[in-house]
Amino acid sequence: PAAGGTPTPRVVCVPGNPGCAEWYDTFIVELHSLLGGRAEVTTLGYAGHGVRERDGGAVYSFSEQSAHLEAALRHLADGEGGTGGDGQASTAGADAPLILIGHSIGGYFCLEAAREAQLGSRVDAVVGLTPFLEMYDHASPQQRRMRLAAGTPALRALASSLVELVRLMPRFLQRIAIGAIAGLSGRAADIALDSLVRRGHFAAGFRNYVYMGTGEMEGFAARGEYDHNHLRDVARRTALLYTDDDFWAPHAHRDAFAAAAGELTVIDAEGFTDHAFPVCDAQSAGAARDAAAALAQLVPELAQPPAVGGQALVELSA
């Protein structure tokens, strides 16, 4: 428990896609520090997206990921957090405030978790960092091209074959390749290699990334606009943060959501500028500052002076 015997709030970060928890290490450690030990901070990775093989290289659909996440969040809400990737045991019980922070498609999952059919009022607050809630391919050529590539079986197979070819290279050549393809270096390149290239049979990590992306884009395209009634229901306990020039979370969506749900907290990010902030330590630290400021508005006890308690848990798997 936190100081004074009150339950330690549990803050759960739900990633974007790829949903490898290790991408968010800098973010959750910085966020834990900014919250001054007043909360336990956990990252919940997606099935089949981590750097460690747990499932024999299985590939999961978007609907399967949704079901896994719902079950995992319910498990956490019941105070059955287990241990993090650093071996530390969770201290937050079933009566602990549950706060969800979702990045990109993770923002969608966090909002859905707040529905009455899932966790409902057991979710005390939701923060969406550049949340992907609707398709924008009618106005974004980049998103349109990505949807086409992800939805074409021949292109998916070709991409998986190229990733498998990279997997067969020596490590130093793999790092050169991932730098040339994705512009990653250092620790970010290593995480990408371990989670997307080297993990599982025939690029299982990469196929999970693409398969999930196909499901989310096709599902959102079929559904149309996000449920404004639900946004109004959760508006008082929700903050959505947006950056400039982000086709996954464009200003057009920001403005529409703000107009539809007047009590919704909508914030222009100040600490980070890139949708892919987890691959950069400086961007991750800035995103943590923005998330902490949003939480201070939604959860008054997290705006109090620092207390002794809480911990940063590196990873739990869905």
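For the structure, see preceding data.
**Student:** Sorry if this is basic, but what is going on with the overall build of the protein here?
**Tutor:** When you go through the protein residue by residue, the secondary structure sums to 11 helices and 7 strands. Across the 318 residues of the protein, 54% fall into the buried class. Contacts spanning at least 24 positions in sequence make up 79% of the contacts within the protein whose residues lie at least 6 apart. Total accessible area on the protein stands at roughly 13000 Å², and carbon and sulfur atoms take up 55% of it.

**Student:** Is there a simple way to explain the layout of surface pockets in this structure?
**Tutor:** A probe as big as a water molecule, rolled over the atoms, marks out the empty space that is left. There is about 1500 Å³ of room inside the largest pocket. In this structure, the largest pocket is lined by 46 residues; those nearest its centre are Asn-17, Pro-18, Met-146, Leu-196 and Tyr-209. Contributions of two or more residues to the lining of the largest pocket are made by helix H4 (141-150), helix H5 (153-167), helix H6 (171-182), helix H7 (186-197) and helix H8 (204-223). Among the elements that line the lining of the largest pocket, the one with the most residues is H5, at 8 residues.

**Student:** What is the right way to read H6 from this model?
**Tutor:** In an α-helix, one full turn covers 3.6 residues, which means residues spaced three or four apart are oriented alike. Here H6 contains 12 residues, and its C-alpha end-to-end distance of 16 Å stays within 8% of the 16 Å for a straight helix at 1.5 Å per residue. Inspection of H6 places Gln-174, Ala-177 and Ile-178 among the buried residues, and these make up the whole buried set. The arc that holds every buried residue of H6, seen down its axis, measures 95 degrees, which confines them to one face. Relative to its buried face, H6 has exposed residues pointing more than 90 degrees away, namely Phe-172, Ile-176 and Ala-180. Residues of H6 that are buried sit in contact with H5 and H7. Just beyond H6, the residue with positive phi is Gly-183, at close to 70 degrees.

**Student:** Sorry if this is basic, but what is going on with the pairing of strand S5 (residues 238-242) here?
**Tutor:** Look at any regular strand and the pattern is simple: side chains alternate between the two faces of the sheet. The element S5 is extensively covered by neighbouring structure, given that 5 of its 5 residues are classed as buried. Residues Thr-238, Leu-240 and Tyr-242 of S5 are buried on one face, and the alternating residues Ala-239 and Leu-241, pointing to the opposite face, are buried as well. Between S5 and its parallel partner strand S6 (residues 265-268), the chain crosses via helix H10 (residues 251-260), and the hand of that crossover is right-handed.

About the cut-offs
Residues numbered from 1 in each chain as written. Predicted model: local features only at pLDDT ≥ 70, side-chain atom pairs only at ≥ 80, totals over all residues. Heavy atoms only, no water. Helix = DSSP H or I, 4+ residues; strand = E, 2+ residues; numbered from the N terminus. Buried < 20%, exposed > 50% of the residue type's maximum accessible area, 1.4 Å probe, protein only. Contact = heavy atoms within 4.5 Å. Areas by Shrake-Rupley, 256 points an atom, 1.4 Å probe, with all protein chains shown as cover. 1 Å grid on protein atoms, 1.4 Å probe; cavity = no way out; pocket = protein on both sides within 12 Å on 5 of 7 lines; lining within 4 Å. Points joined across faces, edges and corners; volume = space filled by probe spheres on them. Expected span 1.5 Å × (residues − 1). Arc of directions from axis to C-beta. Right-handed = clockwise from strand over helix to strand, strands pointing away.

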